[in-house]
2 protein chains.
Amino acid sequence: MDMNKTLEGRLASLRRLMADRGYDAVVLRNNPDLRWLTGAERTFDDESAHTALVTAEGQWLHTDSRYFNTFRERLGGDSVWDIDQDVVGHAEWAAARIADTGSRTVAIEDTATVAFLDELVERTADSVELPRLHGDICDLRMVKDTEELELLREAQRITDEAFEHICGFIHAGLTEQQVRVELENYMLTHGADGLSFGTIIAAGPNGANPHAQPGERVIEQGDMIVMDYGALYHDYHADMTRTVCVGEPSAKQREVYDIVRRTHEACAAAIRPGVIGREVHELSVRLIAEAGYGDCYGHGLGHGVGIEIHERPNFGRLYDKPVPAGSVVTVEPGIYLPGEFGIRLEDCGVVTENGYEPFTASSHDLRVVGH
Amino acid sequence: MDMNKTLEGRLASLRRLMADRGYDAVVLRNNPDLRWLTGAERTFDDESAHTALVTAEGQWLHTDSRYFNTFRERLGGDSVWDIDQDVVGHAEWAAARIADTGSRTVAIEDTATVAFLDELVERTADSVELPRLHGDICDLRMVKDTEELELLREAQRITDEAFEHICGFIHAGLTEQQVRVELENYMLTHGADGLSFGTIIAAGPNGANPHAQPGERVIEQGDMIVMDYGALYHDYHADMTRTVCVGEPSAKQREVYDIVRRTHEACAAAIRPGVIGREVHELSVRLIAEAGYGDCYGHGLGHGVGIEIHERPNFGRLYDKPVPAGSVVTVEPGIYLPGEFGIRLEDCGVVTENGYEPFTASSHDLRVVGH
């Protein structure tokens, strides 16, 4: 794959936005946006270390000395980006480039800090207008290109493989923390560059807290275990949840599992390009309520995934926009019974012209472990 | 220890700053500052989920529904904080509290986002002034209280213990990544809540890159290995670097190690309350240059550590302020020889009335491993 061609495609989509809105330039400080636009991998761990300016004619990156050589290596000698090493502060650099390029209307992301904006305002005085971008570049990032889909599929492949491994490892007597360490290690030694987020391993009643942190609880026979985790691969995230049962599930555990599974599959089947995010979420709320567990499901149905673990679009009550083909989203309904157990079933996949194609290959059947 | 007494002390230091500057209130969005002011542990993984308002009379926290119950549990029933669950957006909540309390001059941290500021400006119209805080709360956080010093010492104790463990584990034939996984696991299963940062394990020529990422390089006999890592404990960070040798070091490796060690110890001996951060850094630069390696040391000598891995104060060329008693800082000179090896020796400790007391207990002697 010709990476420069991919990057030119991304820059072209930004320039179309700039032309539509009448911006002469855009100043970028948001690391995920910079990762996407430059293609430089694993270089954005410091939120304050990089600034970019894009005009109709060129693209410049300003980076601090710790990253300068790494950027040059990762972008390659034929990069479309010009890289400046920092000798001045980031706002001072941006103001100078804005003056050099004669830009008058310079959009700035509203995720930038007040400190950066204040200094830019002061240094550009009254000569420059600074309209705000409200996640517009996140909108551009929604539709994934071929390069991105390959990285996301590989992140999920590692994640599925780790699920098979951990199912053979779990038994009563281990702590949640021991399961977490084994699962994370497996991913880190089988191709993952890192973790998508802090792994959730929540056994028994802990599973009823959707954001439980793994602890010293000892896993018991009959526990349902919610495992929500994912591999990070070249800065792209996997996100998957499976709930397994240690030994044979009770009738109630089976019943609730089946409701979550049916809800998951009905919602996945309702996804198609143009569907309104909120409407798919509302379908999940309705199905779980009809099954009698309306009070036991408080979170959104799903979210976009890419360079960030939470991106646009979103299957939630506040997301009123259409979900485009090429976006990558999770489907993750759950039922949480305080004091008893929780169940969540999550896949991640791409919205295609025909519907929804999960990357996740692990079965939806309730897995019994610990034999 | 009476945690509410500790928290009242922290709030009192903020209120003295407010009184000095004539602020009626402060709006806080910065997670490390909120961790420090509320005492609520491990609840601040989402930068956008929390907002606080502090006036002379009260302190309110606004948090999103995912964290509401956790906050109430962690703060305890007798908390000095009032907690509001989000029903509106954060800027809307802050504007309403500002109006309720009749605040007119409301300081805002310059680390807040442009989006938050824009909405706050719009909602408070012309009735409220919003002066900026430029790291002033980071300055308050510099001087650690007894509670904080205990947590930092415990984080370092786990880190030292992991060093002993990994010295017995390393041998030629392992990859950097295998050493990383073993080291991180050890900490996570021996008391650490997480990692201070992504562990650096850099063997042989990789050690010459101060920010190397562990990879598939196989460790060889005669390699120097730079290991920079730390345990996270109740949100407080440890930070330590040791460089070990796999088998007997060469004469050059010994010579360079001794220069780094002498530089480290001379700089540590120069630390006392009131010393200017830049001057201690300049001492390290001078000593390494006098030893003939002036071109092989490009980073700062050290940095503050606490709820953040990089805090104030700082031993760097731009830090012109005095280093106060009670601040916690690293000392970490290094020499990097491209194509050959790198050596860095880092302790972390507290500035006392009499000088500098490292938390780090591991010896400065060059450790030979891999027998």
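Only a predicted model underlies this, so the values are computations on that prediction, with no experimental measurement involved.

**Brief notes about the overall build of chain A**
When helices and strands are counted, chain A shows ten helices and 20 strands. Here the C-alpha radius of gyration of chain A, 23 Å, is about what a compact globule of 371 residues would show, namely 21 Å. Across the 371 residues of chain A, 59% fall into the buried class. Total accessible area on chain A is roughly 14600 Å²; 48% of this is exposed by carbon and sulfur atoms. Within chain A, the 63 negative side-chain charges are centred at a point lying 2 Å from the centre of the 34 positive side-chain charges.

**Some words on the pattern of salt bridges**
Residues and elements named next belong to chain A. Within this structure, the stated rule accounts for 58 salt bridges over all chains. A salt bridge links E311 to K144; the shortest N-O distance between them is 2.7 Å. With a gap of 167 residues between them, E311 in strand 14 (residues 311-315) and K144 in the loop between helix 6 (136-142) and helix 7 (146-169) connect regions that are remote in the sequence. By the burial criterion, E311 is buried, and K144 matches it. Residues joined by salt bridges that share partners form a network here, namely D33, R141, K144, E308 and E311.

**What about the relation of the copies chain B and chain A?**
Expressed as a screw transformation, the operator carrying chain B onto chain A has a rotation angle of 180° and an axial translation of 0.1 Å, and the superposed copies differ by an RMSD of 0.1 Å. Taken together, the turn and the small shift mark the pair as related by a two-fold rotation axis. Proximity to the rotation axis, assessed at the C-alpha, singles out T113 of chain B in chain B; its C-alpha lies 2.3 Å from the axis.

**Looking at the interface of chain B and chain A**
Taken together, the contacts link 22 residues of chain B with 21 residues of chain A. For the pair chain B and chain A, the two sides together bury roughly 2000 Å², of which 49% comes from carbon and sulfur. For chain B, the biggest contributors to the area lost against chain A are V114, L188 and Q213 of chain B; these three give 25% of the whole. On the surface where chain B and chain A come into contact, there are two salt bridges.

**Thoughts on helix 4 (residues 90-100) of chain A**
Residues H90, A91, W93, A94, A95, R97 and I98 of chain A constitute the buried set of helix 4 of chain A. Against the buried residues of helix 4 of chain A lie strand 1 (25-28), strand 2 (50-55), strand 3 (59-63), strand 4 (82-85), strand 5 (106-109) and helix 5 (114-124) of chain A.

**Here's the deal with the side chain of T51 of chain A**
All names here are of chain A. Its location among the elements puts T51 in strand 2. Classification of T51 by relative accessible area gives buried; the value is 0%. Within the local environment of T51, its side chain forms a polar contact with the side chain of R29, the two groups lying 2.8 Å apart.

**Side note on the sheet that holds strand 11 (residues 236-237) of chain B**
Residue and element names in this part refer to chain B. Spatially, three strands are ordered 7-10-11 in an open sheet, and the strand pairing comes out antiparallel. Across the chains shown, the open sheet's two edge strands, defined by having one partner strand only, are strand 7 (194-195) and strand 11. Note that strand 10 (residues 231-233) and strand 11 share two bridges and pair antiparallel. Residue Y233 lies in a different strand from strand 11, and its bridge partner there is Y236.

**Details of the pairing of strand 5 (residues 106-109) of chain B**
Residues and elements named next belong to chain B. Side-chain alternation along strand 5 places V106 and I108 on one buried face and A107 and E109 on a second face that is also buried. Of the pairings in the sheet, the one linking strand 1 (residues 25-28) to strand 5 comprises three bridges and is parallel in character. When the bridges of strand 5 are listed, A25 appears paired with V106. As paired strands, strand 5 and strand 6 (residues 132-133) are joined by two bridges and run parallel to one another. Counted as the bridge partner of E109 is L133 from strand 6.

**Structural notes on the confidence of the model for chain A**
Confidence along chain A averages 93 in pLDDT terms, with 98% of residues attaining 70 or more. For this predicted complex, the interface score ipTM comes out at 0.83, while the overall pTM is 0.85.

**Structural notes on the side chain of H237 of chain B**
With respect to the helices and strands, H237 of chain B occurs in strand 11. Here H237 of chain B is in contact with L152, A155, S196, A231, L232, V305, G306, I307, E308 and I309 of chain B, once residues within four sequence places are set aside.

**Description of the environment of L11 of chain A**
Residue and element names in this part refer to chain A. Its location among the elements puts L11 in helix 1 (residues 3-21). Assessed through its relative accessible area of 2%, L11 is described here as buried. C-alpha of L11 to C-alpha of T38: the two residues are 27 residues apart in sequence and 8.9 Å apart in space. The contacts of L11, once residues within four sequence positions are left out, are L37, V54, Q59, V80 and W81.

**Points about the environment of E161 of chain B**
Residues and elements named next belong to chain B. With respect to the element layout, E161 can be found in helix 7 (residues 146-169). Under the relative-accessibility criterion, E161 is labelled partly exposed at 27%. C-alpha separation for the pair E161 and S362, spaced 201 residues apart in sequence, amounts to 8.6 Å. Beyond its immediate chain neighbours, meaning those up to four positions away, E161 contacts Y186 and H190. Side-chain polar atoms of E161 contact the side chain of R157, separated by 2.8 Å.

**Here we look at the packing of helix 1 of chain A against helix 2 (residues 31-38) of chain A**
Helix-helix packing is described using two parameters, namely the angle between the two axes and the distance between the axes. Residues and elements named next belong to chain A. Two elements in contact, helix 1 and helix 2, have axes separated by 7 Å at closest approach and are oriented at 125°. Considered as vectors, helix 1 and helix 2 are oriented oblique to each other. Of helix 2, the residues touching helix 1 (which contributes L7, R10, L11, S13 and L14) are W36, L37 and T38. Per-class residue counts for the contact of helix 1 with helix 2 are five nonpolar, two polar and one charged.

**Re the environment of A268 of chain A**
Residue and element names in this part refer to chain A. Here A268 lies in helix 9 (residues 251-270). The exposure class of A268 is buried, given its relative accessible area of 16%. A sequence separation of 63 residues divides A268 from V331, and the C-alpha atoms of the two residues are 6.8 Å apart.

What counts, and at which threshold
- Residues numbered from 1 in each chain as written.
- Chains lettered and ligands numbered in written order.
- Predicted model: local features only at pLDDT ≥ 70, side-chain atom pairs only at ≥ 80, totals over all residues.
- Heavy atoms only, no water.
- Helix = DSSP H or I, 4+ residues; strand = E, 2+ residues; numbered from the N terminus.
- Rg over C-alpha atoms; globule rule 2.2 N^0.38 Å.
- Buried < 20%, exposed > 50% of the residue type's maximum accessible area, 1.4 Å probe, protein only.
- Areas by Shrake-Rupley, 256 points an atom, 1.4 Å probe, with all protein chains shown as cover.
- Lys, Arg positive; Asp, Glu negative; His and termini not counted.
- Charge placed at Lys NZ, Arg CZ, Asp CG, Glu CD.
- Salt bridge = Lys/Arg side-chain N within 4 Å of Asp/Glu carboxyl O.
- Least-squares fit on C-alpha atoms with pLDDT ≥ 70 in both.
- Contact = heavy atoms within 4.5 Å.
- Buried area = accessible area lost by both parts, 1.4 Å probe.
- Polar contact = N/O pair within 3.5 Å; in protein donor to acceptor, adjacent residues only side chain to side chain.
- Pairing = 2+ DSSP bridges.
- pLDDT = per-residue confidence, 0-100.
- Axes fitted to C-alpha atoms, helices over the stretch in contact; angles between N-to-C directions.
- Parallel < 35°, antiparallel > 145°, perpendicular 65-115°, else oblique.
- Nonpolar A, V, L, I, M, F, W, Y, C, P; charged D, E, K, R; others polar.

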